[in-house]
Amino acid sequence: MARHPIGTGLSVAVAVTLFCLLLSREEEPDDPVFAVLFGLVMGLVFGLTAVSERLRQRRLRHLGTWDGS
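All figures in this text were calculated on a predicted structure; none of them were measured in a lab. (Residues numbered from 1 in each chain as written. Predicted model: local features only at pLDDT ≥ 70, side-chain atom pairs only at ≥ 80, totals over all residues. Heavy atoms only, no water.)

Visitor: Looking at this structure, how should I read helix H1 (residues 5-23)?
Guide: Owing to its 3.6 residues per turn, the α-helix brings residues three or four apart onto one side. Between the first and last C-alpha of H1 there are 27 Å, a value that for 19 residues agrees with the 27 Å anticipated at 1.5 Å per step. Burial in H1 covers these residues: Pro5, Thr8, Gly9, Val12, Ala13, Val16, Thr17 and Cys20. When H1 is viewed along its axis, its buried side chains cluster within an angular range of 150° and face the same direction. Exposed side of H1, more than 90 degrees from the buried face: Leu10 and Leu22 are the residues found there. At its buried positions, H1 is contacted by helix H2 (31-63). (Helix = DSSP H or I, 4+ residues; strand = E, 2+ residues; numbered from the N terminus. Expected span 1.5 Å × (residues − 1). Buried < 20%, exposed > 50% of the residue type's maximum accessible area, 1.4 Å probe, protein only. Arc of directions from axis to C-beta. Contact = heavy atoms within 4.5 Å.)

In structure tokens:
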């Protein structure tokens, strides 16, 4: 997951957006906009978490304390 932070963020964004669209009501015009925005926010959160984990692993590898698991 940490090797591909952009792919992680995009896949989470698509999955959350589709899930929100499945739960949306047809009579509410703002529901698709909310679904897309919520999906993008969740994708950004997961993507930034993956980037943070990648940087943490790089720092630990540089220090020699990471065993690779």
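Visitor: Any chance you could explain the packing of aromatic side chains here in plain terms?
Guide: Two aromatic rings, taken as a pair, are described by how far apart their centres are and by the angle between their planes. Summed over all chains, the structure comprises one aromatic pair. With a centroid separation of 5.7 Å and an interplanar angle of 10°, the aromatic rings of phenylalanine 34 and phenylalanine 38 are classed as stacked. Within this pair, phenylalanine 34 and its partner phenylalanine 38 are both found in helix H2, separated by four residues, close to a single helical turn. (Phe/Tyr/Trp six-rings, centres within 6.5 Å; stacked < 30°, edge-to-face > 60°.)

Visitor: Would you explain the pattern of salt bridges in this entry?
Guide: Once the charged atoms of two side chains with opposite charge are near each other, the side chains can pair. A full pass over the atoms with the stated rule returns one salt bridge. For glutamate 53, the salt bridge identified is with arginine 56, shortest N-O distance 2.7 Å. Note that glutamate 53 and arginine 56 are positioned in helix H2 at a spacing of three residues, about one turn of the helix. By relative accessible area, which is 25% here, glutamate 53 ends up partly exposed. Take arginine 56: its relative accessible area is 34%, and that puts it in the partly exposed class. (Salt bridge = Lys/Arg side-chain N within 4 Å of Asp/Glu carboxyl O.)

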